[in-house]
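Survey of secondary and tertiary structure
The lines below spell out each chain.
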Amino acid sequence: MGDRAVITTEESTIGIYLHWYGSREKIAPVLEYCRLSGATSPTQENRKGWSKLITVMVNGGLEPEIVNMPTDRQALNDYARSLDNGIYFIKDWSIVHRIYPFESFSHDVDIDELRLINDGQPERDQLDDI
């Protein structure tokens, strides 16, 4: 089974698949870490943000994989239904949209999860004020 989800952007043709750590409680602290570290946010044109997101996830033990995203809206919806936590769309390190399951979500970040993500990063990249 798993705790599957994909993270992508509205304009991107790629996404990051998480099999075991796709809950919002795991994803939000990773995004917050990236935002606090001043990393460039991922876009279709700027692959550097994707690299940073993958690096932070790997260092945090989240085991990400890169996947191709469906470009047709119906195929995207069908793909989202196959995931336990659906597809998260991000912009500037925030979740801006989500396809299936439909839920309202808080913008609060679990500080303990954020600390775990921070602790998994190389010492030179760890944030001091967490």
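Shown above is the structure to which this text applies.
First, a word on scope: everything that follows refers to the structure included in this document. Nothing here was measured: the structure is a model prediction, and the numbers come from that model.

1. Side note on the nonpolar core
One finds Ile7, Ile27, Val30, Leu31, Leu53 and Met57 to be the most contacted residues of the largest nonpolar core, which totals 22 residues. Looking at this core, the elements that each hand over two or more residues are β1 (5–8), β2 (14–18), α1 (24–36), α2 (48–59), β4 (87–91) and α4 (111–119). By residue number, the principal contributor to this core is α1, which donates five residues. Not counting chain neighbours up to four residues away, the residues in contact with Leu31 comprise Leu53, Ile90, Trp93 and Ile95. Core analysis: the second largest hydrophobic core is formed by 10 residues, Val6, Tyr17, Leu76 and Leu83 among them.

2. Things to note about unusual backbone geometry
Residues other than glycine seldom take positive phi values, yet Glu63 does so here, at roughly 55°. Here Glu63 falls in the exposed class, since its relative accessible area comes to 52%. Non-glycine residue Trp93 carries a positive phi angle of around 65°. Within the fold, Trp93 resides in the loop between β4 and β5 (94–99). According to the relative accessible area criterion, Trp93 is buried, its value standing at 6%.

3. A few points about the packing of α1 against α4
As a packed pair, α1 and α4 sit with axes 8 Å apart at the nearest point and diverge in direction by 60°. As far as their axial angle goes, α4 and α1 are oblique. Both α1 and α4 take part in a crossing whose hand is right-handed. Along its contact with α1, which presents Glu25, Lys26, Pro29, Val30, Glu32, Tyr33 and Leu36, the element α4 presents Glu113, Leu114, Ile117 and Asn118.

4. Regarding the pairing of β2
Taking burial as the measure, the five residues of β2 include five buried ones, the bulk of the element. Burial along β2 is two-sided: the face carrying Ile14, Ile16 and Leu18 and the face carrying Gly15 and Tyr17 are both buried. Pairing analysis gives three bridges linking β1 to β2, with the strands arranged antiparallel. Residue pairing across strands places Ala5 opposite Leu18, the latter belonging to β2. Taking the residues that link successive antiparallel strands as the turn, the β1-β2 hairpin has five residues.

5. Topic: the pattern of salt bridges
This structure, assessed with the given rule, holds five salt bridges. Arg35 is the partner of Glu32 in a salt bridge, and the nearest nitrogen-oxygen pair spans 2.6 Å. With a gap of three residues between them, Glu32 and Arg35 both fall in helix α1, about one helical turn apart. Residue Arg81 pairs with Asp78 through a salt bridge whose shortest N-O separation is 3.0 Å. Note that Arg81 and Asp78 are positioned in helix α3 (residues 73–81) at a spacing of three residues, about one turn of the helix.

The rules behind these values
- Residues numbered from 1 in each chain as written.
- Predicted model: local features only at pLDDT ≥ 70, side-chain atom pairs only at ≥ 80, totals over all residues.
- Heavy atoms only, no water.
- Core = buried A, V, L, I, M, F, W, Y, C linked by side-chain atoms within 4.5 Å.
- Buried < 20%, exposed > 50% of the residue type's maximum accessible area, 1.4 Å probe, protein only.
- Helix = DSSP H or I, 4+ residues; strand = E, 2+ residues; numbered from the N terminus.
- Contact = heavy atoms within 4.5 Å.
- Axes fitted to C-alpha atoms, helices over the stretch in contact; angles between N-to-C directions.
- Parallel < 35°, antiparallel > 145°, perpendicular 65-115°, else oblique.
- Left-handed = near helix turned anticlockwise from the far one by under 90°.
- Pairing = 2+ DSSP bridges.
- Salt bridge = Lys/Arg side-chain N within 4 Å of Asp/Glu carboxyl O.

Structural measurements only, silent on function.
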